[in-house]
Amino acid sequence: MAGAMMIERAQSIPAMESIDPKEYLAKMAEEENKEMDEEQLKEKETVIMEIGKKYREQGNAKDLGNMIRVIRPFTKLLSKAKAAKLIRGLVDMYLDMDAATGYEVQLCKECIQWATDEKRIFLRQALEARLIGLYYDTGNYKAALADGSTLLKELKKLDDKNLLVEVQLLESKTYHALSNLPKARAALTSARTTANSIYVPPKVQAQLDLQSGILHASEEKDFKTAFSYFFEAFEQYDSVEDPMATMALKYMLLSKVMLNLPDEVTNLVSGKLALRHSGPELEAMKAVALSAKNRSLADFQKALKTFKVQLEDDLIVSKHLDSLYSSMLEQNLCRIIEPYSKVQVDYVAGKIGLAKSEVEKKLSQMILDKKFLGILDQETGVLIIFTSESRDKTFDDVIETVSAMNAVVDRLYQAAQKLT
């Protein structure tokens, strides 16, 4: 009996192919004061969601945004929970399109104002969380932190832990973008503590693991631990077929490059799981790994130019590019000076293809950091490299003997003072 009713109801819902979305929405606006039974409301709710999905598939952000405004009177006929689910679902569709219309923040604010006027607290809080995410994505970090601080106080009073995890995670990301690593770690610790007391979906758990890996790589340069977190995030994203799995895999490869294990990058990329995520992101990291393996600065710079979007425009990767470039420059310089005991700085600069002043500065830094033993003779422009020899301990022994003699003399002086 129930099955027959469901089939009958499904047949009563008009097929999307036969619906003109604009006409349907205009007709619905005319009938907003008309009384409807539960079945009619459910039918209209289903059709609205289908229209939203259709707009999303077409990439029609403008009409989807207009529809969200048009259906607001209709949501008054629904229960608060259903209305919140419908509006939140459509707003999520709009924002997940990444259409970059420039209207995203305004639409979100309009929906928040509407939810406030209608006294729909939970919907307003959910939308405010999305607005904080938008501020983070657009680089408006000050507004993200200000709104986040206010919303966190509300959520802690209401004990809405699911949304609390989401906002704390956004706060951690914002602080990291501002290079305030202690506060980023504190916010992430709060998010993980809250998440431990509830069930979190795989996607949210993946976001937590990904942020943990990013902070370990940024703050402590602990790429081994970061790799473990990135791997956990990759598995979680992959289980729900989220596109962010590719980013987690990309950061896994970055960790291997920074650990000076470029050979393992090829093994990871050729693995069964990674083959499904092949694309420019992985190709960029493969090119960087290959240049690191060959200690080729020219190949590294070529990779940066070829994959600028994937490398320099990625905030996480770009933060490590300087240290990676510095490391590769050191390796390249070491390769050039290895055969020599004396070599002209001009010759080294010519071989590496950089200005003499830049090479001279880097060689000085390497000598001070004890990367190799040597001196720079600036008068002749020559680098003199010393062979690493065992340390002569004679001077150490002499210093130790003199110190002991000094202690003896002091004791004798103290004894003489007592006698007088």
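Because the structure is a prediction, the values reported are computed rather than measured.

**Q** I tried to follow the packing of aromatic side chains on my own but got confused; where do I start?
**A** Centre distance and the angle of the planes are the two values used to describe a pair of aromatic rings. This model, assessed by the stated rule, comprises 4 aromatic pairs. Taking the centre distance of 5.5 Å and the plane angle of 50° together, the rings of Phe230 and Tyr251 count as tilted. Separated by 21 residues along the polypeptide, Phe230 in helix α13 (residues 223-239) and Tyr251 in helix α14 (residues 244-258) bring together distant segments of the chain. Across this residue pair, the class does not change: Phe230 and Tyr251 are buried. Judged by centre distance (6.0 Å) and plane angle (80°), the ring pair of Tyr340 and Tyr347 falls under edge-to-face. Taking the relative accessible area as the measure of exposure, Tyr347 reaches 36% and is therefore partly exposed. Note that Lys256 overlies the ring of Phe227, its terminal NZ or CZ placed 4.4 Å from the centroid.

**Q** Would you explain the packing of helix α4 (residues 61-70) against helix α6 (residues 80-96) in this entry?
**A** How two helices sit against one another is set out by the angle between their axes and by the gap between those axes. It is the contact of α4 with α6, at a shortest axis distance of 10 Å, that shows an interaxial angle of 160°. Classified by the angle between their axes, α4 and α6 sit roughly antiparallel to one another. Crossing angle aside, the handedness with which α4 passes α6 is left-handed. Contacts between α4 and α6 involve Ala61, Leu64, Gly65, Met67 and Ile68 from the former and Ile87, Leu90, Val91, Met93 and Tyr94 from the latter.

**Q** Mind showing me how you'd approach the sheet that holds strand β2 (residues 374-377) here?
**A** Sheet strands associate in pairs through backbone hydrogen bonding, adopting either a parallel or an antiparallel arrangement. Here we have 3 strands laid out as an open sheet, ordered β1-β3-β2, and antiparallel in their pairing. The strands lining the two open edges of the sheet, one partner per strand, are β1 (342-344) and β2. Strand-to-strand, the axes of this sheet are offset by a mean angle of 20°, without reference to chain direction. For β2 and strand β3 (residues 382-385), the ladder comprises 4 bridges, and the chain directions are antiparallel.

**Q** I tried to follow the side chain of Ser255 on my own but got confused; where do I start?
**A** Structurally, the position occupied by Ser255 is in helix α14. Its relative accessible area of 1% is what places Ser255 among the buried residues. Setting aside anything within four residues of it in sequence, one finds Ser255 in contact with Phe223, Ala226, Phe227 and Phe230.

**Q** Can you help me understand empty space enclosed by the protein in this one?
**A** This model, assessed by the stated rule, comprises 1 cavity of 30 Å³ or more. Each pocket or cavity is described by its volume, and for the largest cavity that value is around 40 Å³. Lining the largest cavity we find Ile132, Ala144, Leu145, Gly148, Ser149, Val167, Leu170, Glu171 and Thr174. In the lining of the largest cavity, the residues fall into 5 nonpolar, 3 polar and 1 charged.

What counts as what
- Residues numbered from 1 in each chain as written.
- Predicted model: local features only at pLDDT ≥ 70, side-chain atom pairs only at ≥ 80, totals over all residues.
- Heavy atoms only, no water.
- Phe/Tyr/Trp six-rings, centres within 6.5 Å; stacked < 30°, edge-to-face > 60°.
- Helix = DSSP H or I, 4+ residues; strand = E, 2+ residues; numbered from the N terminus.
- Buried < 20%, exposed > 50% of the residue type's maximum accessible area, 1.4 Å probe, protein only.
- Lys NZ or Arg CZ within 6 Å of the ring centre and 35° of its normal.
- Axes fitted to C-alpha atoms, helices over the stretch in contact; angles between N-to-C directions.
- Parallel < 35°, antiparallel > 145°, perpendicular 65-115°, else oblique.
- Left-handed = near helix turned anticlockwise from the far one by under 90°.
- Contact = heavy atoms within 4.5 Å.
- Pairing = 2+ DSSP bridges.
- 1 Å grid on protein atoms, 1.4 Å probe; cavity = no way out; pocket = protein on both sides within 12 Å on 5 of 7 lines; lining within 4 Å.
- Points joined across faces, edges and corners; volume = space filled by probe spheres on them.
- Nonpolar A, V, L, I, M, F, W, Y, C, P; charged D, E, K, R; others polar.

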